[in-house]
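One-letter residues, chain by chain:
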Amino acid sequence: MTLEELLRSRRSVRSFLPEPPPDAVIERLIELAVTAPSASNKQPWRFVVVKRPEAIAAMAGAVREAVATVAEHVAADGRAGFVAYGDYFTRFEGAPVVIAPIFRGHTVLSGLVAPSLPAELHEAIAAMERDSGLVGASLALMSLLLAAHDAGLGASAMTGPLLAAGRLKEILGVPASWGIVALVAVGYAAGEPAPTDRKAGSKVTRWIR
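As the structure is a computational prediction, the values presented were derived from the model and not from experiment.

A. Spatial organisation of helix α2 (residues 23–33). When we look at burial in α2, the residues that qualify are Ile26, Leu29, Ile30 and Ala33. Looking down the long axis of α2, one finds its buried residues gathered within 95° of arc, a one-sided arrangement. Set apart from the buried face of α2 by more than 90 degrees, the exposed residues are Ala24, Glu27, Arg28 and Glu31. Each element contacted by the buried residues of α2 is listed here: β1 (45–50), β2 (97–103), α5 (119–150) and β5 (183–187).

B. Local environment of helix α6 (residues 165–172). When α6 is considered as a whole, its buried residues turn out to be Leu168, Lys169 and Leu172. Relative to the axis of α6, the buried residues are bounded by an arc of 100° and lie together on one face. Where α6 is buried, its residues touch β1, α3 (53–71), β2, β4 (179–180) and β5. Trailing α6 by a residue or two, Gly173 shows a phi angle of about 70°, which is positive.

C. Seen up close, the side chain of Ser132. Along the polypeptide, Ser132 turns up in helix α5. Residue contacts for Ser132: discarding those within four places in its chain leaves Ala39, Pro44 and His106.

D. Just the packing of aromatic side chains, in detail. The tally for this structure, following the rule as stated, stands at one aromatic pair. When the ring of Tyr85 is compared with that of Phe89, the centres are 5.0 Å apart and the planes differ by 75°; the resulting orientation is edge-to-face. A cation sits over an aromatic face here: Arg91 above Tyr88, 4.3 Å from the ring centre. One Lys or Arg, Arg209, reaches over the ring of Trp207 and ends 4.1 Å from the middle of that ring.

E. Main features of the environment of Arg91. Among the structural elements, Arg91 can be located in the loop between α4 (76–86) and β2. The spacing of Arg91 and Pro161 is 70 residues in sequence and 9.3 Å in space, taken between C-alpha atoms. Residues within four places of Arg91 in sequence aside, it is in contact with Arg14 and Met158. Engagement of the side chain of Arg91 in a polar contact is seen with the side chain of Asp87, the distance being 3.1 Å.

F. Up close: a nonpolar patch on the surface. On the surface, Val108, Leu109, Leu112 and Met128 cluster together to form a nonpolar patch covering roughly 370 Å² of accessible area. Tracing the backbone through its elements, the reader meets Met128 in helix α5. Overall, the relative accessible area of 43% leaves Met128 in the partly exposed class.

G. Main features of the environment of Val184. Of note, Val184 is situated in strand β5. Along the backbone, Val184 and Ser156 are 28 residues apart, and their C-alpha atoms lie at a distance of 5.4 Å. Not counting chain neighbours up to four residues away, the residues in contact with Val184 comprise Val97, Val98, Ile99, Pro101, Leu141, Leu144, Leu145, Ala155, Ser156 and Ala157.

H. Focus on the environment of Leu145. Structurally, Leu145 is set in helix α5. Residue Leu145 is classed as buried on the basis of its relative accessible area of 9%. Not counting residues within four places of it along the chain, the set of residues in contact with Leu145 comprises Arg10, Ala155, Ser156, Ala157 and Val184.

I. Region of the structure containing the pattern of salt bridges. Under the counting rule described, the total for this entry stands at six salt bridges. Here Arg8 ties to Glu4 by a salt bridge, and the two come within 3.0 Å at their closest N and O atoms. Taken together, the positions of Arg8 and Glu4, both in helix α1 (residues 3–9) and four residues apart, correspond to about one turn of that helix. Residue Glu170 is joined to Arg167 by a salt bridge in which the shortest nitrogen-to-oxygen separation is 2.9 Å. Placement of the pair is Glu170 and Arg167 together in helix α6, with a separation of three residues, close to one helical turn. Judged by its relative accessible area of 57%, Glu170 falls in the exposed class.

Each value, and the rule that gives it
Residues numbered from 1 in each chain as written. Predicted model: local features only at pLDDT ≥ 70, side-chain atom pairs only at ≥ 80, totals over all residues. Heavy atoms only, no water. Buried < 20%, exposed > 50% of the residue type's maximum accessible area, 1.4 Å probe, protein only. Helix = DSSP H or I, 4+ residues; strand = E, 2+ residues; numbered from the N terminus. Arc of directions from axis to C-beta. Contact = heavy atoms within 4.5 Å. Phe/Tyr/Trp six-rings, centres within 6.5 Å; stacked < 30°, edge-to-face > 60°. Lys NZ or Arg CZ within 6 Å of the ring centre and 35° of its normal. Polar contact = N/O pair within 3.5 Å; in protein donor to acceptor, adjacent residues only side chain to side chain. Patch = residues over 30% accessible without salt bridge, like charges linked within 9 Å, V, L, I, M, F, W, Y side chains within 5 Å. Areas by Shrake-Rupley, 256 points an atom, 1.4 Å probe, with all protein chains shown as cover. Salt bridge = Lys/Arg side-chain N within 4 Å of Asp/Glu carboxyl O.

As structure tokens, this is what we get:
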């Protein structure tokens, strides 16, 4: 499969067979994921691999609780729609493996500048340092998704569950200084999803010549 074929044929899979992939296959996905680039080669990522059904169920329960709490604060005419949307946030529950890529910021410059630096630049530095970790881990996440597809596995990266990020960090034992990028459901696909529409590159590009 060429790189273009791999990119164009990848799908977000949310329905899985119960059989889990071998640990060696998951380990290889992560070995390929960590070939991704990162700012100053800080490699700001770690990966928490969850196979224990009770842990996955606890994660889904925490997300449902967060969705229910938010729903209480949604206007009545939009509540049913939000609850239906929030149902997608727990679709990882049917996967035999859930991988949580985590990240931390790249803190260097913030320790060098004096308080006299204008507040706008202090804020820019803080955002840049945090986002450099998130971007690096996100690049690794995309490599993981492509590696899973190439290995004949289905996978889906989900950010909706981060509504319960605090509780998920507790369940997964993620240190306070680290953040969760997404939850990645992985397994053998129970079916092949239909392709979804994509805007043409020309529609999302603005040239400055």
